[in-house]
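Observations on the three-dimensional arrangement
Chain by chain, the residues:
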Amino acid sequence: MQVQRVVLNSRPDEKCKALVEDLGFSAAVNYRGEDISARLQDICPDGVDVYFDNVGGAVSEAVIEQVWHAFLMPDVSYNLPPSTVFHRSLNPQMNKGGHVILCGQISQYNKDVPYPPPLSDKTQEILQSRSITRERFMVLSYMSKAEAALFELSQLVKSAQIKVWKTI
């Protein structure tokens, strides 16, 4: 699998802009200032294959769940009453066979829930029906590879293939 784009979930807008313009990420979504589902539809029209989840809660469900979009043509005047019901289609965010990698769930830290936190029935059904895996990532499971990983990362930093960004 080749990575087509890397999208970050962050805030505020200034940081999102810097992530794209200074660090070269494909896009950044301000999870407090934007409709996450709508932005992901624009940024990832072919869906999401891998989601590195360190947030949990509503953000994660927006990535995993399916979003409803009305079939309306933008250049057509419909003059429909507000009570009109439209036929809608499901557009999946997560692709079949996708992977959710759990590495923390910061939105859940002050809640009395197990780790990993339980999912809504709707989200759980999507994971099962689309064969999406949801597994924990534990750095301690990869300690035997730490030295090699640090060396490789340092080489990528030295060659400017990875940029270091510091904030205080």
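The preceding data block contains the structure.
Report on the accompanying structure. Here the residue numbering is sequential within each chain, running from 1 through the sequence in written order. Residues qualify for local features only when their pLDDT is at least 70, as the model is predicted, and side-chain atom pairs are given and counted only at 80 or more; totals for whole chains, interfaces and linings, by contrast, use all residues. Side-chain numbers here rest on the full set of heavy atoms in the structure, without hydrogens or water.

1. Things to note about a nonpolar patch on the surface
- Patch membership needs two things, relative accessible area over 30% and no salt bridge, and members are linked within 9 Å if like-charged or within 5 Å if nonpolar (Val, Leu, Ile, Met, Phe, Trp, Tyr). Computed by Shrake-Rupley with a 1.4 Å probe, the accessible areas treat only the displayed protein chains as cover when residues are assessed. Salt bridge criterion: a side-chain nitrogen from Lys or Arg within 4 Å of a carboxyl oxygen from Asp or Glu. On the surface, Phe 52, Phe 137, Val 139, Leu 140, Tyr 142 and Met 143 cluster together to form a nonpolar patch covering roughly 620 Å² of accessible area.
- Here a strand is any run of E in DSSP of at least two residues, a helix any run of H or I of at least four, and the numbering for each starts at the N terminus. Mapping Phe 137 onto the fold places it in the loop between β7 (133-136) and α5 (146-158).
- Using a 1.4 Å probe on the protein chains alone, a residue whose accessible area is under 20% of its type maximum counts as buried, one over 50% counts as exposed, and one in between counts as partly exposed. For Phe 137, a relative accessible area of 31% puts it in the partly exposed group.

2. Focus: the packing of aromatic side chains
- Working definition: rings of Phe, Tyr and Trp (its six-membered ring) pair if their centres are within 6.5 Å, and the pair is stacked with planes under 30 degrees apart, edge-to-face with planes over 60 apart, and tilted otherwise. Applying the stated rule across the entire model yields 2 aromatic pairs.
- Counting every residue linked through ring pairs, the aromatic cluster contains Phe 52, Phe 137 and Tyr 142.

3. Remarks on the pattern of salt bridges
- In this structure the tally under the stated criterion is 1 salt bridge.
- Here Arg 39 ties to Glu 34 by a salt bridge, and the two come within 2.5 Å at their closest N and O atoms.
- What makes Arg 39 partly exposed here is its relative accessible area of 25%.

4. Concerning the nonpolar core
- Among buried residues, the Ala, Val, Leu, Ile, Met, Phe, Trp, Tyr and Cys ones that are joined through side-chain atoms within 4.5 Å form a nonpolar core. By size, the foremost hydrophobic cluster in this structure holds 20 residues, and its most contacted members are Tyr 51, Met 94 and Val 100.
- Breaking this core down by element, the ones donating at least two residues are β2 (27-30), α2 (36-43), β3 (48-53), α3 (57-64), β6 (94-102) and α4 (121-129).
- Considering each element in turn, this core owes the most residues, 4 residues, to α3.
- When near neighbours in sequence (up to four residues on either side) are disregarded, Met 94 contacts Val 48, Asp 49, Tyr 51, Val 63, Ile 64, His 99, Val 100, Arg 130 and Ile 132. The contact rule is simple, with two residues in contact once any of their heavy atoms fall within 4.5 Å.

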